[in-house]
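Below are the chains, spelled out letter by letter.
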Amino acid sequence: MKKQKLVVLSGAGISQESGIATYRDKDGLWEKYDPMALATPEAWMSDSALVLEFYNVRREKVLQAEPNPGHLKLAELEQNFDVQIVTQNVDDLHERAGSTRVLHLHGEIRKARSTKNPALVYDIAGADLNIGDYCELGSQLRPHIVWFGEAVPNIEPAVEIIADADILLVIGTSLNVYPAAGLIDYAPQNCRKFLIDPGEFSAHQITDVHVIQEKAGAGMQQICELLSAK
Ligand code: APR
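On a plain count of helices and strands, the chain comes out with 9 helices and 9 strands. At 18 Å, the chain has a C-alpha radius of gyration in line with the 17 Å of a compact globule built from 230 residues. Scored against the burial criterion, the 230 residues of the chain give a buried share of 51%. Relative to all contacts within the chain whose residues are 6 or more apart in sequence, the contacts with residues 24 or more apart total 63%. Put simply, the chain shows about 11,200 Å² of open surface, and 51% of that area lies on carbon and sulfur atoms. In the chain, 21 side chains carry a positive charge and 32 a negative one; their mean positions are 3 Å apart.

Before going further, it helps to spend a moment on the environment of Leu 93. Relative to the elements of secondary structure, Leu 93 occurs in helix α7 (residues 93–97). Discounting residues that sit within four places of it in the chain, Leu 93 has contacts with Ser 15, Ser 18, Ile 20, Ala 65, Glu 66, Pro 67 and His 71.

Moving on: the domain arrangement of the chain. One frequently used descriptor of interface size is the decrease in accessible area upon assembly of the parts. The domain boundaries assigned to the chain delineate domain 1 (1–20 + 67–106 + 151–230) and domain 2 (21–64 + 110–145). Taken over C-alpha atoms, the centre of domain 1 sits 25 Å from the centre of domain 2. Across the boundary between the two partners, domain 1 contributes 13 residues, which contact 9 residues of domain 2. Between domain 1 and domain 2 lies a buried interface of about 960 Å² when both sides are counted; carbon and sulfur atoms form 58% of it. Three residues, Ala 12, Ile 20 and Val 90, lead the burial of domain 1 against domain 2; their summed loss comes to 45% of the area buried on that side. Counting every contact that joins domain 1 to domain 2 gives 1 salt bridge.

This part takes up the sheet that holds strand β2 (residues 82–87). Strand order across the open sheet formed by 6 strands is β3-β2-β1-β7-β8-β9, with parallel pairing between neighbours. Looking at strand neighbours, the two that pair on one side only are β3 (102–104) and β9 (210–212), the edges of this open sheet. Direction aside, neighbouring strands of the sheet carry axes that sit 15° apart on average. Here 6 bridges tie strand β1 (residues 5–10) to β2, and the two strands are oriented parallel to one another. Across the sheet, the residue bridging to Val 8 is Ile 85, located in β2.

Attention now goes to helix α8 (residues 155–163). Taken together, the buried positions of α8 are occupied by Ile 155, Ala 158, Val 159, Ile 161 and Ile 162. Buried positions in α8, seen along its axis, are confined to an arc of 165° and lie on one side of it. Among the exposed residues of α8, those oriented more than 90 degrees off its buried face are Glu 156 and Glu 160. Where α8 is buried, its residues meet β1, β2, β3 and β7 (167–171).

On to the side chain of His 71. As for its position among the elements, His 71 is in helix α6 (residues 69–76). Leave out the neighbours within four places in its chain, and His 71 touches Ile 14, Ser 15, Ser 18, Leu 93, His 94 and Ala 97.

Moving on: the packing of aromatic side chains. A complete count under the given rule lists 7 aromatic pairs for this structure. Centre to centre, the rings of Tyr 23 and Trp 30 are 5.3 Å apart; their planes meet at 40°, and the pair counts as tilted. Using a relative accessible area of 17% as the deciding quantity, one classes Trp 30 as buried. Ring geometry for Tyr 33 versus Phe 54: centroids 5.2 Å apart, planes at 65°, classification edge-to-face. Here Tyr 33 is found in the loop between α2 (29–32) and α3 (35–38), whereas its partner Phe 54 is found in helix α5 (residues 48–64), with 21 residues between them in sequence. Three or more aromatic residues joined by ring pairs make a cluster, and in this case those are Tyr 23, Trp 30, Tyr 33, Trp 44, Phe 54, Tyr 55, Trp 147 and Phe 148.

Definitions and cut-offs
- Residues numbered from 1 in each chain as written.
- Predicted model: local features only at pLDDT ≥ 70, side-chain atom pairs only at ≥ 80, totals over all residues.
- Heavy atoms only, no water.
- Helix = DSSP H or I, 4+ residues; strand = E, 2+ residues; numbered from the N terminus.
- Rg over C-alpha atoms; globule rule 2.2 N^0.38 Å.
- Buried < 20%, exposed > 50% of the residue type's maximum accessible area, 1.4 Å probe, protein only.
- Contact = heavy atoms within 4.5 Å.
- Areas by Shrake-Rupley, 256 points an atom, 1.4 Å probe, with all protein chains shown as cover.
- Lys, Arg positive; Asp, Glu negative; His and termini not counted.
- Charge placed at Lys NZ, Arg CZ, Asp CG, Glu CD.
- Domains from an automatic or database assignment.
- Buried area = accessible area lost by both parts, 1.4 Å probe.
- Salt bridge = Lys/Arg side-chain N within 4 Å of Asp/Glu carboxyl O.
- Pairing = 2+ DSSP bridges.
- Axes fitted to C-alpha atoms, helices over the stretch in contact; angles between N-to-C directions.
- Arc of directions from axis to C-beta.
- Phe/Tyr/Trp six-rings, centres within 6.5 Å; stacked < 30°, edge-to-face > 60°.

Here it is as structure tokens:
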């Protein structure tokens, strides 16, 4: 029998239980750092070394982190569903948990990109990317991250994926950042929608959604029970 298409839109909240800070929670990244000073093309032009250091510190934390039950249970769903993850996260915890189809909207922190030809993308061996690390064309490498003000190249494929969903699961995102947040509007009319988030969720953004007000690990336990119950 054909497996139902289960599309996941994930955000920083799913990696929170792996020890990776979210952005807008009380202890979030943007509480400590000014994103405009570190995650924009202007920041890169004015102080590349500072920007590289900011991502080096975050990359180290990703390398030390492990997938949590939320990631792992999502990977297990591939046994019974045609699962496609669309993530705003730049960590590789979905992949390390075993998910096989992960589309990154905002880039991947463990990769670097040529500043001369954006099609040239390289894995970063360890934690650090430094001034003087060049691409094969001899230009400085930058983090393979979509900065504020930059285009989101994967948004079109993401729209197609969401528009084809039988089930949409939104997990661990404040739905603050566009165009990613706008993806939920492309879910088909008859798509079953679920949302997992421990925070107060104002349903103004998603209609007829089953809200599970839990952290990702506990919420995914409930999802597995709900989906196996059919
Ligand atoms: N489990 C599930 N959800 C959680 C957990 C948890 N353990 N802890 C926090 N959350 C929820 C928060 O309640 C919040 O709704 O995760 C969400 C995190 O929201 P943000 O910090 O805004 O992260 P996100 O939505 O992924 O941000 C989107 O903003 O700065 C940019 O590019 C960056 O991709 C990021 C984008």
